[in-house]
Amino acid sequence: MLSIDPASLSERENYKFLIGSIIPRPIAFVTTVSKDGILNGAPFSYFNIVSSNPPMISLSIQRSKGKQKDTARNIIESKEFVIHIVDEQNVEKINQTAASLPPNESEIELAKLTPVESVKISVPGVKEAKIRMECLLEHSIELGGLDSTGCDLIIGRIVQFHIENDIYEKGRIDPNGLAAVSRLAGNNYAKMGEIFEIERPK
């Protein structure tokens, strides 16, 4: 077995090792609004649950050469954002939003996604997602090495859930109906695949 010191690797080599090892990763499609009123949307796979009481999620937004991405800047400035689950039906459109656009252009318009008003925050979501979560910023933390900040770690508190009726019954979400996709390395994604059950020990 190889044994590698990450300090001996470049940032790119560490990145490839991580995204090839930690799989599959759930994908959050995040909408934010800039201070100029532009609706921004971008997908992120450094995303997970933090807590269920209160309901909170984490989102790590990597910087490019120390430069903060529009999504992180918008969240930190407005304190609001919407998380959407990426599924088999919307993944093609969501993938288009990963394009690098200037801050004054909307990825939502580029991908022809449909904005929909939120209930408790001012940032719109998109209609094409089966699940979306309105979030308020709980914490933002700058993380990185000695030279520069590598990412913005965002902790968001969910203040409103929106779930498509057809996939929600008796407090449970049907995983096959949701058909969430996950991120692998490179250009690869994965579908749900076979579901199996293992009983937890008491």
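The residue numbering used here restarts from 1 in each chain and proceeds along that chain's sequence as written. Where totals are concerned, whole chains, interfaces and linings use all residues; where local detail is concerned, this predicted model gives features only for residues with pLDDT of at least 70, and gives and counts side-chain atom pairs only at 80 or more. To obtain the side-chain values, all non-hydrogen atoms of the structure were used and water was disregarded.

## A short note on the overall build of the protein chain
Summing up its helical and strand segments, the protein chain has 5 helices and 14 strands in all. In terms of overall dimensions, the protein chain is globule-like: its C-alpha atoms have a radius of gyration of 18 Å, near the 17 Å expected for 202 residues. For the protein chain, the spread of C-alpha atoms along the three principal axes comes to 50 × 50 × 35 Å. In the protein chain, once contacts between residues fewer than 6 apart in sequence are set aside, the share between residues at least 24 apart is 61%. Residue exposure ignores everything except the shown protein chains as possible cover, and the areas themselves are Shrake-Rupley values with a 1.4 Å probe. For the protein chain, the computed accessible surface area is about 12,900 Å², with 52% contributed by carbon and sulfur atoms. We score Asp and Glu as negative and Lys and Arg as positive, and we do not count His or the chain ends. For the purpose of locating charges, the reference atoms are NZ of Lys, CZ of Arg, CG of Asp and CD of Glu. Computing the positive centroid from 23 side-chain charges and the negative centroid from 27, the protein chain places the two 1 Å apart. Counting from the N terminus, the helices are DSSP H or I runs at least four residues long and the strands are E runs at least two residues long. Only C-alpha atoms enter the radius of gyration, while the globule expectation follows 2.2 Å times N to the 0.38, with N the number of residues. A contact between two residues is defined here by any heavy atoms of the two lying within 4.5 Å.

## Some details on the sheet that holds strand β1 (residues 25-26)
When DSSP finds two or more bridges between a pair of strands, those strands are recorded as paired. Strand order across the open sheet formed by 3 strands is β1-β13-β14, with antiparallel pairing between neighbours. Edge strands, defined here as strands with exactly one partner in the open sheet, are β1 and β14 (189-190). As paired strands, strand β13 (residues 182-183) and β14 are joined by 2 bridges and run antiparallel to one another. What sits directly across from arginine 183, in β14, is tyrosine 189.

## Overview of the packing of aromatic side chains
Stacked, tilted and edge-to-face are the three classes applied to pairs of Phe, Tyr and Trp rings, where Trp contributes its six-membered ring and a pair requires centres within 6.5 Å; stacked means planes under 30 degrees apart, edge-to-face means over 60, and tilted covers the rest. In this structure the tally under the stated criterion is 0 aromatic pairs. Geometrically, a charge over a ring is one whose NZ (Lys) or CZ (Arg) sits within 6 Å of the ring centre while staying within 35 degrees of the ring normal. Of note, arginine 183 hangs over the ring of tyrosine 189, and the distance from its end group to the ring centre comes to 4.6 Å.

## Observations regarding the nonpolar core
To form a nonpolar core, buried Ala, Val, Leu, Ile, Met, Phe, Trp, Tyr and Cys residues must be joined to one another through side-chain atoms within 4.5 Å. Burial classification: accessible surface area is computed with a 1.4 Å probe over protein chains only, and a residue below 20% of its type maximum counts as buried, one above 50% as exposed, and the rest as partly exposed. With 22 residues, the main nonpolar core has Val30, Leu59, Ile75, Phe81 and Ile83 as its most contacted residues. Secondary-structure elements contributing two or more residues to this core are β2 (28-33), β3 (39-44), β5 (55-62), α2 (70-78), β6 (80-85), β9 (131-144) and β10 (149-163). The greatest single-element share of this core, amounting to 4 residues, is contributed by β9. Leaving out residues up to four positions away in the same chain, isoleucine 83 has contacts with Ala28, Phe29, Val30, Phe47, Ile57, Leu59, Ile131, Arg132, Met133 and Cys135.

## Description of the side chain of asparagine 74
Summarising the element assignment, asparagine 74 is placed in helix α2. With relative accessibility at 2%, the residue asparagine 74 sits in the buried group. Think of a polar contact as two N or O atoms within 3.5 Å of one another; within protein, one of them needs to be a possible hydrogen donor and the other a possible acceptor, and neighboring residues in sequence only count if both atoms come from side chains. At 2.9 Å, the side chain of asparagine 74 and the side chain of threonine 32 are in polar contact. Those residues within four positions of asparagine 74 in sequence are excluded, and the remaining contacts are Thr32, Val33, Ser34, Asn40 and Lys79.

## Quick notes on the pairing of β2
Every regular strand shows the same layout, with side chains that alternate between the two sheet faces. Burial analysis of β2 places 5 of its 6 residues in the buried class, the great majority of the element. One ladder, built from 6 bridges, connects β2 with β3; its direction is antiparallel. Its bridge partner lying in β3, phenylalanine 29 is registered against proline 43. What sits between the antiparallel neighbours β2 and β3 is a turn of 5 residues, in which glycine 37 has the positive phi angle 85°. The pairing of β2 with β6 spans 4 bridges and is classified as antiparallel. Looking at β6, one finds that phenylalanine 29 is bridged to histidine 84.

## Some words on the state of the cysteines
In what follows, a disulfide is any cysteine sulfur pair within 2.5 Å. The tally for this structure, following the rule as stated, stands at 0 disulfides. Take cysteine 135: it sits in no disulfide, and the sulfur closest to it among the cysteines is that of cysteine 151, at 18 Å. The buried category is assigned to cysteine 135, whose relative accessible area is 0%. Taking relative accessible area as the criterion, cysteine 151 reaches 9% and is therefore assigned buried.

Purely geometric stuff here, so don't read any function into it on its own.
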